[in-house]
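# Secondary and tertiary structure notes
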Amino acid sequence: MFWSFLLLLAWIAAGTACTRLCLAAVHAAAVDPDAGPGGRGRDLTLYEAAFLSGGPARVADLTLVSMARQRRLLLAHTGWATVVDPSGRDEMERSVIGAIGPEGQSRIAPVRTAAAATEAVRGLADRLVAAGLAVPDGARRGIAFAVRQVQAAALAVVALGAVALLLPGRGTVPRDLVALWFALPLILTLSCLAVARIEVHPYSRWASPAGQRLLTGLTRRTRTAGHRGAGDDRTYLTSVAVLGVRAVGEPDLRAAFAHREPQDTTLRERLR
């Protein structure tokens, strides 16, 4: 019967996509601090915490906020960055100053994009991957691709089921029974996506399971310091590194970053 052939196609699509996602997740979870000695018994720097939490864009955000709080960079609420002190204290700051350009002033959005793509950030990523704390680029892209495949398989199952119900050739098989058979591969794909959302999403984008554990410990210590009233500049910057610019408390500084949303979308798509 024709509908059974469509059901076979639905199962093949669902089973293949879900298997690929599971393999990609296992590959990403295999990253361990024992793979590199730099991952054992260490504390994360602010730049490392920023990368593991939000990738290259978060590192650029942290550097901009840090320089602005030290009055070495002026971030206007209109979305412009102006260099006050042209001497960067580390390679990240020098990357930001270089991204602003020789005129010493530029809009924040292109500065952030350019700074996130510098060699300094790529070197930071390589060191974290070597230490087993960051997900390698191939594994990260593999999970994203596998998730898209499962989503496409779910749509394919729905489409094949609709064709099987609308076209003749079911014989004496009731429509409800045909729909039930097609519901099974659909449940498989949706369940796989739900599990991936819970188990994979927290760390697969940038941080490995080992990196996620370090981030969790860093976040816990930061919250404890805040509850005890021991918050300082490092605690503030740690919050920015882990949470992003939504942790920024100054209204003018938050307004400065509010002008970057269109560029954020482009950057995220490019980094996937």
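Residues numbered from 1 in each chain as written. Predicted model: local features only at pLDDT ≥ 70, side-chain atom pairs only at ≥ 80, totals over all residues. Heavy atoms only, no water.

### Some words on the environment of Leu-184
As for its position among the elements, Leu-184 is in helix 7 (residues 175–199). On the basis of relative accessible area, Leu-184 is assigned to the partly exposed category, the value being 36%. Considered as a pair, Leu-184 and Ala-10 are 174 residues apart in the sequence and their alpha carbons are 9.6 Å apart. (Helix = DSSP H or I, 4+ residues; strand = E, 2+ residues; numbered from the N terminus. Buried < 20%, exposed > 50% of the residue type's maximum accessible area, 1.4 Å probe, protein only.)

### Some points on the sheet that holds strand 3 (residues 105–107)
The antiparallel open sheet is built from 3 strands, whose spatial order is 1-2-3. The open sheet is flanked by strand 1 (73–75) and strand 3, the only strands paired with a single partner. Averaged over all pairs of adjacent strands, the angle between their axes in this sheet comes to 20 degrees, without regard to strand direction. Of the pairings in the sheet, the one linking strand 2 (residues 80–83) to strand 3 comprises 3 bridges and is antiparallel in character. When the bridges of strand 3 are listed, Ala-81 appears paired with Ser-106. In the packing of helix 4 (residues 108–116) onto the sheet, contacts are made with strand 1, strand 2 and strand 3, and the angle to strand 3 comes to roughly 90 degrees. (Pairing = 2+ DSSP bridges. Axes fitted to C-alpha atoms, helices over the stretch in contact; angles between N-to-C directions. Contact = heavy atoms within 4.5 Å.)

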